[in-house]
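Working through the structure, step by step
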Amino acid sequence: MGSNNTDQHTRSIATFAALKTAIANGEEQLVKELLANEPMLELEKSYLLDLAHLNNNLTIIKLLEDIPEK
C-alpha cells in the first residue's frame with residue numbers, strides 16, 4: 001500500500017512538471033488534459049497561475065482559476 005502512495009506522489013510531480021512546460025509553451029489543450037479538474041495544492045496553483053500570468057495566456061489562467069484547491 002505504501003508503494004501506491006509513492007506512485008501517486010511521483011505521478012503528481014511528473015504532472016506538475018508537465019504542467020509547467022505546457023503553460024510556458026502556451027499549450028492550452030494539454031494544460032486542460034493535465035489538470036483534469038483534479039484538486040491542487042494552493043501553493044502549486046499559485047505558482048502555475050504566476051507562470052500563466054507571465055505568458056499572459058487568459059485561457060490557461062481561467063483553466064487554472066477554475067481548479068479546486070486541496
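Everything in this summary refers to the structure shown in the same document. (Residues numbered from 1 in each chain as written. Predicted model: local features only at pLDDT ≥ 70, side-chain atom pairs only at ≥ 80, totals over all residues. Heavy atoms only, no water.)

**Side note on the overall build of the protein chain**
Within the protein chain one finds four helices and zero strands. Going from the N terminus to the C terminus, the protein chain shows its helices and strands as α-α-α-α. Judged by the C-alpha coordinates and their principal axes, the protein chain covers about 40 × 20 × 15 Å. Across the protein chain, contacts joining residues at least 24 apart in sequence account for 66% of those joining residues at least 6 apart. Carbon and sulfur atoms make up 53% of the accessible area of the protein chain, which totals about 4900 Å². (Helix = DSSP H or I, 4+ residues; strand = E, 2+ residues; numbered from the N terminus. Contact = heavy atoms within 4.5 Å. Areas by Shrake-Rupley, 256 points an atom, 1.4 Å probe, with all protein chains shown as cover.)

**Looking at the packing of helix α3 (residues 42-55) against helix α4 (residues 58-65)**
Between α3 and α4, whose axes approach to 9 Å, the crossing angle comes to 165°. Classified by the angle between their axes, α3 and α4 sit roughly antiparallel to one another. As for how α3 packs across α4, the hand of that crossing is left-handed. Where α3 abuts α4, its residues Lys45, Leu48, Leu49, Ala52 and His53 lie against Ile60, Ile61, Leu64 and Glu65. Its residues assigned to classes, the contact of α3 with α4 shows six nonpolar, one polar and two charged. (Axes fitted to C-alpha atoms, helices over the stretch in contact; angles between N-to-C directions. Parallel < 35°, antiparallel > 145°, perpendicular 65-115°, else oblique. Left-handed = near helix turned anticlockwise from the far one by under 90°. Nonpolar A, V, L, I, M, F, W, Y, C, P; charged D, E, K, R; others polar.)

**As for the environment of threonine 15**
The topology assignment puts threonine 15 in helix α1 (residues 2-24). On the basis of relative accessible area, threonine 15 is assigned to the partly exposed category, the value being 25%. Along the chain, threonine 15 and valine 31 lie 16 residues apart, while their C-alpha atoms are 9.9 Å from each other. (Buried < 20%, exposed > 50% of the residue type's maximum accessible area, 1.4 Å probe, protein only.)

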